[in-house]
Amino acid sequence: MIARAWSLLDDRLDAVAATARQVFGVRMAVGCGAALLTAYVYGPAWGGGWFAAFAAAEAWTRFMTRPVGRGEAMSRRQRAAYMVSMFGSSVIWASLAALYWFEGQEPFRLAAMAILAGMMVHAQGFSFRSPAALAALGSTPAIMWFVLPVGFGGFSGSPLVTLTLGLAMLLCYVAASARANMRTASALADAQRTAEEANEAKSAFLAMMSHELRTPMNGVLGMARALQRTPLDPRQQGYVDTILRSGDGLMAILNDVLDISKIEAGRMDLEVGAFDLKVLGDQAVELWSEIARSKGLDLICDAAPDLPALVLGDETRVRQIVLNLISNALKFTETGGVTLRMRAAPAADGDGGVELVVSDTGIGMSPDQLQALFRPYAQADASTARKFGGTGLGLAICRKLCSMMGGEIGVESQPGDGSSFRVWLPLPEAEPQAAETAEPETLPTLRILVADDNPINQAVARAVLEAAGADVECASDGAQALERLRVDAFDVVLMDVHMPIMDGIEAVGRLRDGQAGRPDTPVVALTADAMPGEEARLKALGFDALQHKPVQPAALIGAIADVLNARPSAPAAKPNSEAAA
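The rules we used
Residues numbered from 1 in each chain as written. Predicted model: local features only at pLDDT ≥ 70, side-chain atom pairs only at ≥ 80, totals over all residues. Heavy atoms only, no water. Helix = DSSP H or I, 4+ residues; strand = E, 2+ residues; numbered from the N terminus. Buried < 20%, exposed > 50% of the residue type's maximum accessible area, 1.4 Å probe, protein only. Core = buried A, V, L, I, M, F, W, Y, C linked by side-chain atoms within 4.5 Å. Contact = heavy atoms within 4.5 Å. Axes fitted to C-alpha atoms, helices over the stretch in contact; angles between N-to-C directions. Parallel < 35°, antiparallel > 145°, perpendicular 65-115°, else oblique. Left-handed = near helix turned anticlockwise from the far one by under 90°. Nonpolar A, V, L, I, M, F, W, Y, C, P; charged D, E, K, R; others polar. Polar contact = N/O pair within 3.5 Å; in protein donor to acceptor, adjacent residues only side chain to side chain. Salt bridge = Lys/Arg side-chain N within 4 Å of Asp/Glu carboxyl O.

Attention shifts here to unusual backbone geometry. Of note, Ile 501 is a non-glycine position whose phi angle comes to about 65 degrees, a positive value. Mapped onto the elements of the fold, Ile 501 is located in the loop between β10 (492-496) and α18 (504-512). What makes Ile 501 exposed here is its relative accessible area of 75%.

In this structure, Leu 277, Val 318, Leu 325 and Leu 425 are the most contacted members of the largest nonpolar core, which totals 39 residues. Sorting the residues of this core by element identifies α11 (277-294), β2 (298-303), α12 (315-331), β4 (337-344), β5 (354-360), α15 (394-404) and β7 (419-425) as the ones contributing at least two each. The leading source of residues in this core is α12, at 8 residues. Not counting residues within four places of it along the chain, the set of residues in contact with Leu 425 comprises Val 318, Gly 353, Val 354, Leu 356, Cys 402, Met 405 and Gly 407. Listed in part, the 25 residues of the second largest apolar core include Ala 34, Met 113, Met 120 and Met 144.

Let us look at the packing of helix α3 (residues 24-42) against helix α4 (residues 44-64). The geometry of α3 relative to α4 is characterised by a closest axis approach of 7 Å and an angle of 165 degrees between their N-to-C directions. The angle between the axes of α3 and α4 places the two elements in the roughly antiparallel class. Pair α3 / α4 crosses with right-handed handedness. Contacts between α3 and α4 involve Phe 24, Arg 27, Met 28, Gly 31, Cys 32, Ala 34, Ala 35, Thr 38, Ala 39 and Tyr 42 on the former and, on the latter, Pro 44, Trp 46, Gly 47, Trp 50, Phe 51, Phe 54, Glu 58 and Arg 62. Considering only residue class, the contact of α3 with α4 consists of 12 nonpolar, 3 polar and 3 charged.

Among the secondary structure elements, Ile 243 is positioned in helix α10 (residues 234-264). Residue classification places Ile 243 among the partly exposed positions, given a relative accessible area of 40%.

Let us now look at the environment of Leu 134. Position of Leu 134 among the secondary structure elements: in helix α8 (residues 131-152). Given the relative accessible area of 16%, Leu 134 is considered buried. In the structure, Leu 134 is positioned 48 residues away from Met 182 in sequence and 9.8 Å away in space, judged by C-alpha atoms.

Moving on to the side chain of Asp 314. Within the element layout of this structure, Asp 314 appears in the loop between β3 (311-313) and α12. A distance of 3.1 Å separates the side chain of Asp 314 from the backbone nitrogen of Thr 316, its partner in a polar contact.

Here we take up the pattern of salt bridges. Evaluated as defined, the whole model comprises 23 salt bridges. Glu 473 is the salt-bridge partner of Arg 447, the closest N and O atoms lying 2.4 Å from each other. Of this pair, Arg 447 sits in strand β8 (residues 447-451) while Glu 473 is found in strand β9 (residues 471-475), placing the two residues 26 residues apart along the sequence. In this structure, Asp 520 and Arg 518 form a salt bridge, with 2.7 Å as the shortest nitrogen-oxygen distance. Taking relative accessible area as the criterion, Arg 518 reaches 18% and is therefore assigned buried. One salt-bridge network, in which partners are shared between bridges, spans Arg 447, Asp 471, Glu 473, Arg 484 and Asp 488.

The next thing to look at is the packing of helix α2 (residues 12-22) against helix α6 (residues 76-101). Contact geometry for α2 and α6: axes closest at 11 Å, N-to-C directions at 50 degrees. If you check the angle between α2 and α6, you find them oblique. Seen from above, α2 lies across α6 with left-handed handedness. Taken together, the residues of α6 that come into contact with α2 (itself represented by Leu 13, Asp 14, Val 16, Ala 17 and Ala 20) are Arg 79, Tyr 82, Met 83 and Met 86. Across the contact of α2 with α6, the residue classes tally to 7 nonpolar, no polar and 2 charged.

The structure is reproduced here in structure tokens:
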């Protein structure tokens with residue numbers, strides 16, 4: 001029995017306490033009004049005494065629920081004390097109702113019943129989440145609601161029977177309503193848990209799909225880029241370019257799916273830095289220029305003279321917006337061209353910032369099509385995906401990114417007259433920055449160990465790194481990597497995170513603990529996982545840097561150069577076998 005009672009003191013009481021703390025001011029105001037009325041009717045001593053008891057109960061409640069005010073959970077003992085304070089508060093209000101009832105006059109008895117009714121409404125409205133709280137607050141007024149009129153009302157005969165039945169019916173209705181509220185609250189809690197579990201399952205599925213798709217794409221794009229660096233005739237070079245464009249298109253779709261999920265989950269962060277918006281626009285146009293030429297379209301970037309030389313914002317996300325809009329415009333344009341215009345927005349038009357407009361001479365859209373344009377997975381009509389392809393995520397991502405940056409996106413379009421997408425972003429002008437060092441394309445003579453269980457990924461890394469001048473050796477799991485590090489010295493280790501026998505995380509942990517080779521050997525994580533927070537998590541586990549698959553040769557070489565520059569120079573460790581000798 002005691003165990004069952006303790007089981008009722010669960011986190012549902014914390015939810016009741018949180019709600020009670022929110023209406024603390026209202027309760028104090030009502031209590032003051034009741035005390036003044038009591039002092040007026042019965043004298044200051046009665047009014048002051050009742051208010052002292054009421055204030056003491058409220059103070060005790062406030063004190064015992066202070067963990068909830070800090071966003072923490074109460075202990076079992078604190079919940080038990082909170083139950084006692086609720087019961088005490090209920091008794092204090094019920095005593096006031098009894099005081100008014102025994103005055104004997106009809107108006108006072110009506111006031112007493114009103115107090116009891118208010119207490120039951122309060123108990124039902126604020127405490128239905130927890131049966132224990134409902135009992136503590138509602139049991140006393142419910143009993144007195146029945147006992148006072150029936151036992152002390154002076155009724156007999158048929159009036160007493162009628163009154164008894166009426167009060168009993170009302171109490172049954174209140175109890176049924178409270179029970180229904182409890183079931184509703186329980187259903188809502190279950191639905192919330194189900195939604196949270198589904199969201200976690202979706203995140204796990206996306207992480208798994210990201211890994212499974214990026215791993216083979218690393219082989220396709222990595223080997224294509226390695227092949228691109230070899231002597232090829234024009235026809236072969238065209239084939240390789242087609243492979244790379246198709247692979248990049250597939251990666252864009254994958255990234256769109258991941259981005260929309262991260263945005264909806266609130267797990268996408270913006271990185272603010274200075275960048276040249278004009279250069280960004282030129283690069284975007286250059287990236288899509290081949291597609292435009294193949295369709296016979298003009299693709300132009302028009303930057304106004306008043307465009308700031310540098311702006312402050314998230315360059316990656318602004319580039320994503322521009323690329324999505326240009327891609328969308330090219331997809332739906334068959335003749336004419338696409339123009340990207342950039343200018344400084346007038347102060348009256350969104351308090352400054354910059355304005356980006358992508359206009360096309362494509363098929364245009366009707367008003368009905370425009371209404372659903374920015375919804376995820378939505379396209380102009382059912383035949384759009386079949387005819388033009390795409391996921392319908394690009395514009396939804398653009399709007400969400402604009403909103404995250406505090407900006408706006410809109411569109412003007414007419415069927416057959418093309419479309420014009422206008423983006424306003426509050427990107428302030430930035431101070432001139434020192435020129436950044438370009439990423440290196442070659443490496444000094446280095447010994448690099450690549451640990452990856454996928455032979456294709458090993459071949460990609462070997463092709464990229466040997467082309468940059470490095471000496472490469474490979475291991476198929478973390479255990480093999482540690483064995484190689486015990487008998488030989490390497491300047492850098494490229495470590496896959498997910499491997500059989502021993503994964504990269506365990507291998508790096510053992511390396512940092514001095515179980516193999518030099519503990520401060522730089523380790524770059526290679527992973528197909530692209531979920532938010534992955535880089536911070538891996539760095540906390542001992543990795544020096546992170547490179548996502550598919551590997552970008554320039555980015556990988558740059559990351560290796562960065563970790564080598566960040567490490568203090570140290571003599572290469574002798575192999576353990578030599579030390580033993």
